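Below, each chain spelled out in residue letters.
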Amino acid sequence: MYRLLRHPRYRRASRVHDWVARHVFDRTLWQPDERRVAAGVAAGLFLCMVPIPLQMFAGAAVAIRFRWNIPSTVLACWVTSPVTWPVTYLPAWLLGLHLTGTDPAVMQDLSAFDLGALVSYASGHSWSLVVAGLAGCLTVGATLAVLGYVITRSVYFVRRIGQPRRVAT
């Protein structure tokens, strides 16, 4: 399939085909390289915490634009899914409430999962809740991106220690 899509006959079909063949199917974006994989993981972990639909496509677009590893970016975006949203976004939102200085009494009501208190508070303060959610998600996303980059580079470094050095001849 890869060779078919990169074939010159297919590429000449339209500008879109040519662009896809040159950018999306660039071999360097699909092969594991230490820096590109680490940057892709960081981008994917950051984007997984941004509450937007179709994070995977945004991750692929970012990877193509900055020439990072596409598979690592897309796989890192899969950390969050509709099943894991309560586990990932609720703590980030609570962190955002704390960072933006929202009333502590509201946070106590939310920690007790009092849905009535949440709805009554949200009806009058919806914009502050959105800002708090974004602040928390971006903070957690940036932290995850840095950790993902450092851990990925560390794994490559540890893997390289056991390998013999190549001698140029």
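What counts and what doesn't
- Residue positions within a chain follow its written sequence, with the count starting from 1.
- Local features are withheld for residues below a pLDDT of 70 in this predicted model, meaning they are given only at 70 or higher, and side-chain atom pairs are given and counted only at 80 or more; totals for whole chains, interfaces and linings count all residues.
- Values shown for side chains rest on all heavy atoms present in the structure; no hydrogens or waters enter the calculation.
- Grouping buried Ala, Val, Leu, Ile, Met, Phe, Trp, Tyr and Cys residues that are joined through side-chain atoms within 4.5 Å yields what is termed a nonpolar core.
- Exposure classes here rest on a 1.4 Å probe applied to the protein chains alone. A residue is buried below 20% of its type maximum, exposed above 50%, and partly exposed in between.
- Numbered from the N terminus, helices here are DSSP runs of H or I no shorter than four residues, and strands are runs of E no shorter than two.
- The contact rule is simple, with two residues in contact once any of their heavy atoms fall within 4.5 Å.
- For salt bridges, the criterion is a side-chain nitrogen of Lys or Arg within 4 Å of an Asp or Glu carboxyl oxygen.
- Each pair of aromatic rings taken from Phe, Tyr and Trp, with Trp reduced to its six-membered ring, is defined by centres within 6.5 Å and is described as stacked if the planes are under 30 degrees apart, edge-to-face if over 60, and tilted in the remaining cases.
- Placement of a positive charge over a ring is assigned whenever Lys NZ or Arg CZ falls within 6 Å of the ring centre and within 35 degrees of the normal to the ring plane.
- A fitted line through C-alpha atoms represents every axis, and for helices the fit uses only the stretch in contact; the resulting angles, taken between N-to-C directions, go from 0 to 180 degrees.
- Oblique is the label for any angle not covered by the other classes, which are roughly parallel (under 35 degrees), roughly antiparallel (over 145) and roughly perpendicular (65 to 115).
- A crossing counts as left-handed when the near helix is turned anticlockwise from the far one by less than a right angle, and as right-handed when that turn is clockwise.
- Patches here are clusters of residues that have more than 30% relative accessible area and form no salt bridge, with a 9 Å joining cutoff for like charges and a 5 Å cutoff for nonpolar side chains (Val, Leu, Ile, Met, Phe, Trp, Tyr).
- Surface accessibility in these figures is a Shrake-Rupley result with a 1.4 Å probe; residues are shielded only by whichever protein chains are displayed.
- In a helix, the anticipated span is given by 1.5 Å times the number of residues less one.

So, the nonpolar core
Moving on, step 1. Membership of the largest hydrophobic core is limited to ten residues, which are Val37, Val41, Leu45, Cys48, Met49, Ala76, Tyr89, Ala92, Cys137 and Tyr156.
Moving on, step 2. Listing elements by their share of this core, those giving two or more residues are helix H4 (34-48), helix H7 (85-100) and helix H10 (126-161).
Moving on, step 3. Among the elements that make up this core, the one with the highest residue count is H4 (four residues).
Moving on, step 4. Dropping the residues within four chain positions of it, valine 41 is found in contact with Ser72, Ala76, Gly148 and Thr152.
Moving on, step 5. Core analysis: the next-biggest nonpolar cluster, separate from the first, contains eight residues, Val24, Ala63, Ile64 and Val74 among them.

Details of the pattern of salt bridges
Moving on, step 1. For the coordinates displayed, the defined rule picks out one salt bridge.
Moving on, step 2. Note that glutamate 34 and arginine 153 form a salt bridge whose closest N and O atoms lie 2.9 Å from each other. Highlighted residues: glutamate 34 in helix H4 and arginine 153 in helix H10, separated in sequence by 119 residues.

Some thoughts on the packing of aromatic side chains
Two descriptors summarise a pair of aromatic rings, namely the distance from one centre to the other and the angle between the planes of the rings.
Moving on, step 1. Counted under the stated rule, the structure contains two aromatic pairs.
Moving on, step 2. The interplanar angle of 25° and the centroid separation of 5.0 Å between the aromatic rings of phenylalanine 66 and tryptophan 68 together place this pair among those described as stacked.
Moving on, step 3. Aromatic side chains tryptophan 85 and tyrosine 89 sit 6.2 Å apart centroid to centroid with 55° between the ring planes, which places their arrangement in the tilted category. Of this pair, tryptophan 85 and tyrosine 89 both sit in helix H7, four residues apart, roughly one helical turn.
Moving on, step 4. Here tyrosine 89 falls in the buried class, since its relative accessible area comes to 15%.
Moving on, step 5. Note that arginine 65 overlies the ring of phenylalanine 66, its terminal NZ or CZ placed 5.4 Å from the centroid.

A closer look at the packing of helix H5 (residues 55-66) against helix H6 (residues 70-77)
Moving on, step 1. Direction vectors running N to C along H5 and H6 enclose 155°, while the axes themselves pass 8 Å from each other. By the angle between their directions, the pair H5 and H6 is classed as roughly antiparallel. Considering only the axes of H5 and H6, their crossing is right-handed. Contact residues: Gln55, Met56, Gly59, Ala60, Ala63 and Ile64 in H5; Ile70, Thr73, Val74 and Cys77 in H6.

Quick look at a nonpolar patch on the surface
Moving on, step 1. Among the surface-exposed residues, Trp127, Val130, Val131, Leu134 and Leu138 lie close enough to one another that they form a single nonpolar patch of about 480 Å² accessible area.
Moving on, step 2. Its location among the elements puts leucine 134 in helix H10.

A few points about H4
Moving on, step 1. With 15 residues, H4 ought to run about 21 Å at 1.5 Å a step, and its terminal C-alpha atoms sit 21 Å apart, in line with that.
Moving on, step 2. In terms of residue burial, H4 counts as a mostly covered element, since twelve of its 15 residues are buried.
Moving on, step 3. Along H4, the residues that are buried comprise Glu34, Val37, Ala38, Ala39, Gly40, Val41, Ala42, Ala43, Gly44, Leu45, Leu47 and Cys48.

Quick word on unusual backbone geometry
Moving on, step 1. Positive phi is not limited to glycine here, since leucine 54 has a value of about 55°.
Moving on, step 2. Along the chain, leucine 54 turns up in the loop between H4 and H5.
Moving on, step 3. Leucine 54 gets classed as exposed once you look at its relative accessible area, which sits at 60%.
Moving on, step 4. A positive phi angle, close to 60°, is found at arginine 67, a residue other than glycine.
Moving on, step 5. For arginine 67, the location among the structural elements is in the loop between H5 and H6.
Moving on, step 6. Classification of arginine 67 as partly exposed rests on a relative accessible area of 36%.

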